[in-house]
Amino acid sequence: MSHSKKYTDSGIEIKPVYSSTGLPEIGNELPGEFPFTRGVQPDMYRGKLWTMRQYAGFSTAEESNKRYHYLLSQGVNGLSVAFDLPTQIGYDSDHPLAEGEVGKVGVAIDSLEDMQTLFNGIKLEEVSTSMTINATGFILLAFYTALAKQQGADLKKITGTIQNDILKEYAARGTYIYPPKPSMQIITDIFEWCSQEVPKWNTISISGYHIREAGSTAVQEIAFTLSNGKAYVEAALKKGMDINVFGKRLSFFFNAHNNLFEEVAKFRAARKMWAKIMKDLGATDPKAMMLRFHTQTGGSTLTGQQPVNNISRVTVQTLAAVLGGTQSLHTNGYDEALSLPTEEAARIALRTQQVIAFESGVPDTADPLAGSYFVESLTHEVEEAAWKLIGKIEAMGGSVSAIEQGFIQNEIAKSAYEYQRNIESGEKIIVGVNKFTIDKEEPIPGFKIDDSIRTVQTEKLNRLRSNRNHAKCDQLLQLLNDKACSGENIMPTVVEAVEHKVTLGEIADTLREVFGEYK
């Protein structure tokens, strides 16, 4: 055996053996108690399992609605909506820039009518819905609450999450519309409006997922995500909001990769760090210091080569998320490196969660890996390395400045390059890709989206527009313009506008005129 040094992907050196000597000071921490290293609930999954979500949404609202009914029948208890690119960047399906993209990476939602179709036969009071939407998150939230009102639901009981995390869009993902400052203004409007109207709604899902997908390490994922989280909290505090109120409605979204122990250490360290950040910012309610998070297994870890091997990868990642104490989990389909998941792949992914929940015994006790010499040491090292990086960002004036200066983007790019280089040199083994390859691959039947969807959506939009009170729509868009100019909260006007059949693109365009676009 070679005795060369071993490192995690974050560059943390791993010793050949760990023992009680040199162990970090752990103390008598318990789950459900500050600083929540060991979990946010005293009994963790004995009280309630994590929410098993499956991310779905493609083509038209009708097609996605069928998949939702199927998933609910298979034991899913949380829906997770994927939106197409035009919806994400504020264009109606009939906009010239939407061509070729309608319904492709998610469902096309142009109006309240599409939302009605999307959730047809599903009572919003009875499901928890997560919507992966950022720049136009406020509009989708308006559609959702307007639909809940039409269903006669009690808005105080509606639960779910909008991702609504614009900072990571500038840093890693790219679906922004407006510049950072007005975008932050919209986000604090949502915090404020939801605390009064939909108090159980998670107003933001501060996302490390896409930072990791773009090539960051585990340490960078939590450092950048918690820095972004801090920037949102500071923006809300500036607005005079109560940290003990809005702090309870912040949630996070992390990635789960294949290095089981580093991932568990990452989740534990993130909870401990966030509790300290919130306490230092003035939170006194323990619930406002708890880091609650959704996890999705690592999309970038899926291989197009020998794709069935991805089932094993997703299993390891599911274990990492559950051992790390996640509140909700989406498992990727094994075919997702090739196309949107087929129904069979989505079912196997869900079954993977169910096998771990009901057969593995892993959820039977809270934080089962606590006290492991290795896990405790690694949790400590991940935390130390992440604080160092947060210190650098603070010195630049926080996340918004660090993003404006390109620091976060460059750090991610460097890590991505380094990782790729290690794969190409064979130092990092990816099974079936640079080792254990086979000559002839069996083709996997993919899931394809038809281009005719744009025509269908355009016809719907034409009907909608010829079938509404034009004067009222114009009046509401003018009001939205005025509120955006004066800095008043735009949410009540957006909700009223969508109830009067104003479209997503019309609302986004009105604000483009006020705020401009980020280039």
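Structural notes, computed from the coordinates.

Cut-off values and rules
Residues numbered from 1 in each chain as written. Predicted model: local features only at pLDDT ≥ 70, side-chain atom pairs only at ≥ 80, totals over all residues. Heavy atoms only, no water. Pairing = 2+ DSSP bridges. Helix = DSSP H or I, 4+ residues; strand = E, 2+ residues; numbered from the N terminus. Contact = heavy atoms within 4.5 Å. Axes fitted to C-alpha atoms, helices over the stretch in contact; angles between N-to-C directions. Core = buried A, V, L, I, M, F, W, Y, C linked by side-chain atoms within 4.5 Å. Buried < 20%, exposed > 50% of the residue type's maximum accessible area, 1.4 Å probe, protein only. Salt bridge = Lys/Arg side-chain N within 4 Å of Asp/Glu carboxyl O. Parallel < 35°, antiparallel > 145°, perpendicular 65-115°, else oblique. Left-handed = near helix turned anticlockwise from the far one by under 90°. Patch = residues over 30% accessible without salt bridge, like charges linked within 9 Å, V, L, I, M, F, W, Y side chains within 5 Å. Areas by Shrake-Rupley, 256 points an atom, 1.4 Å probe, with all protein chains shown as cover. Expected span 1.5 Å × (residues − 1).

### What to know about the sheet that holds strand β10 (residues 293-297)
Spatially, β7-β6-β5-β4-β3-β11-β10-β9-β8 is the arrangement adopted by the 9 strands of the open sheet, whose pairing is parallel. Unpaired on one side and paired on the other, β7 (201-202) and β8 (204-207) mark the two borders of the sheet. Pairing geometry for β8 and strand β9 (residues 250-256), over 4 bridges, is parallel. Counterpart to S207 in the pairing with β9 is F253. Along the sheet face, helix α4 (residues 137-150) touches β5 (128-132), β6 (159-162) and β7 and points at about 150 degrees away from the line of β5.

### Some details on the nonpolar core
In terms of nonpolar packing, the biggest core is built from 136 residues, with M115, F119, M131, F138 and I507 touching the most fellow members. Ranked by the residues each element gives to this core, the list is headed by helix α10 (residues 260-280), at 11 residues. In this structure, M115 is in contact with I109, M131, L140, F143, Y144 and L147, ignoring residues within four places of it in sequence.

### Observations regarding the pattern of salt bridges
Under the definition given, this model contains 33 salt bridges. The salt bridge involving E499 is made with K149; its shortest N-O contact spans 3.3 Å. On the criterion of sequence distance, the pair formed by E499 in helix α19 (residues 491-499) and K149 in helix α4 is long-range, its members being 350 residues apart. For K266, the salt bridge is made with E263, and the minimal N-O distance between the two is 2.9 Å. Here K266 and its partner E263 are both found in helix α10, 3 residues apart, which amounts to about one turn of the helix. Look at K266 and you get buried, because its relative accessible area is 0%.

### Considerations on the packing of helix α18 (residues 470-486) against α19
The geometry of α18 relative to α19 is characterised by a closest axis approach of 10 Å and an angle of 165 degrees between their N-to-C directions. Here α18 lies roughly antiparallel to α19, going by the angle between them. Where α18 crosses over α19, the two elements pack in a sense that is left-handed. Residue-level contacts link K472, L476, L479, L480 and K483 of α18 to T493, V494, E496 and A497 of α19.

### What about a nonpolar patch on the surface?
Residues I429, V431 and F436 make up a contiguous nonpolar surface patch of roughly 280 Å² in combined accessible area. For V431, the location among the structural elements is in the loop between α16 (407-424) and α17 (453-465). Judged by its relative accessible area of 38%, V431 falls in the partly exposed class.

### Concerning helix α1 (residues 61-73)
Relative to the 18 Å expected for 13 residues at 1.5 Å per residue, α1 spans 18 Å between its end C-alpha atoms, a close match to the ideal helical length. Along its buried surface, α1 packs onto β3 (51-56), β4 (78-82), α3 (112-118) and α13 (343-358).

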